[in-house]
Each structure stands twice: as C-alpha cells, then as structure tokens.
Amino acid sequence: KEALAPVYIYATWCCWCRNSAHSGLWVLIWWVAAVLTLVPAPLLEPRYWTTAVIMAHLHAPEHTWLSLVATSSAFLLVNLVTLGIFVYRPFAWPGG
C-alpha cells in the first residue's frame, strides 16, 4: 500500500512544476479540483488522477509533435492493456 508513495510524490512534484507557468488562480483551482477528486477516493489509483493530468497537459505551454505522439501512444497503450486484461482475464465470482 505504501510502496507507491514515492511515485505519487514524484507525480505531484511533476504536476507542481508543470503548473507553475500558470496564474495563481488557475493553479489554485487545479489543486482544489484534484484534492476534491482524490480525498474521498477509497484508493489512490491512477484512474483518479486522469482528469487532473489531462487538464494539466492540455494547459501546458509547450506542445511539440513528439510530446503529443508520446502522450497519445501512452494513453493508447494503457487503454489496450486494460482492454486486454478485461477481455482475456475476466473476473469470475467465487461460487459461480
């Protein structure tokens, strides 16, 4: 449970650095929205960070083709892996 804490801290630091180019109001609203999404969540899973990461990426000052292709490829890979898990390893309730 605590093994991923360094990953979450690094992700938070990356988000902080990326959002530092914006106005204080935008950063405040982004952090409030992220906290309102994450605090009531029973688990800190990557899916709860999706909206905050996408919003931060859309408002990033630099958008090179390499950045867009890398991000799109990463999203596609995650979606394909997730789809593969649900298709080829379906969940079966114990007892039927």
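Up top is the structure.
1. A closer look at the packing of aromatic side chains
Thinking step 1. All told, the structure shown has 1 aromatic pair when counted by the stated rule.
Thinking step 2. With a centroid separation of 6.0 Å and 35° between ring planes, the pair formed by Tyr10 and Trp13 is classed as tilted. Placement of both Tyr10 and Trp13 in helix 1 (residues 5–19) is noted, with a separation of 3 residues, approximately one turn of the helix. The exposure classification of Tyr10 matches that of Trp13, with both residues exposed.

2. As for helix 3 (residues 46–58)
Thinking step 1. The terminal C-alpha atoms of helix 3, which comprises 13 residues, lie 18 Å apart, in line with the 18 Å expected from a rise of 1.5 Å per residue.
Thinking step 2. Of all the bends in helix 3, the largest measures some 30° and sits at Ala52.
Thinking step 3. If you check which residues of helix 3 are buried, you get Trp49, Ala52, Ala56 and His57.

Reading the values: rules and limits
- Residue numbers run consecutively from 1 along every chain, following the written order of its sequence.
- Owing to the predicted nature of the model, reporting of local features is limited to residues with pLDDT of at least 70; listing and counting of side-chain atom pairs is limited to 80 or more, with chain, interface and lining totals taken over all residues.
- The side-chain values count all of the structure's non-hydrogen atoms but skip hydrogen atoms and water molecules.
- Aromatic pairs are defined between Phe, Tyr and Trp rings, using the six-membered ring for Trp, whenever the two ring centres lie within 6.5 Å; interplanar angles under 30 degrees are classed as stacked, those over 60 as edge-to-face, and all others as tilted.
- The way it works is that DSSP assigns letters per residue, a run of H or I at least four long becomes a helix, a run of E at least two long becomes a strand, and they are numbered from the N terminus.
- Burial classes follow relative accessibility: with a 1.4 Å probe on protein chains only, a residue under 20% of its type's maximum area counts as buried, one over 50% as exposed, and anything between as partly exposed.
- To estimate the expected span of a helix, subtract one from its residue number and multiply by 1.5 Å.
- Fitting axes to the seven residues ending at a residue and to the seven starting there, one defines the bend at that residue as the angle between these axes.

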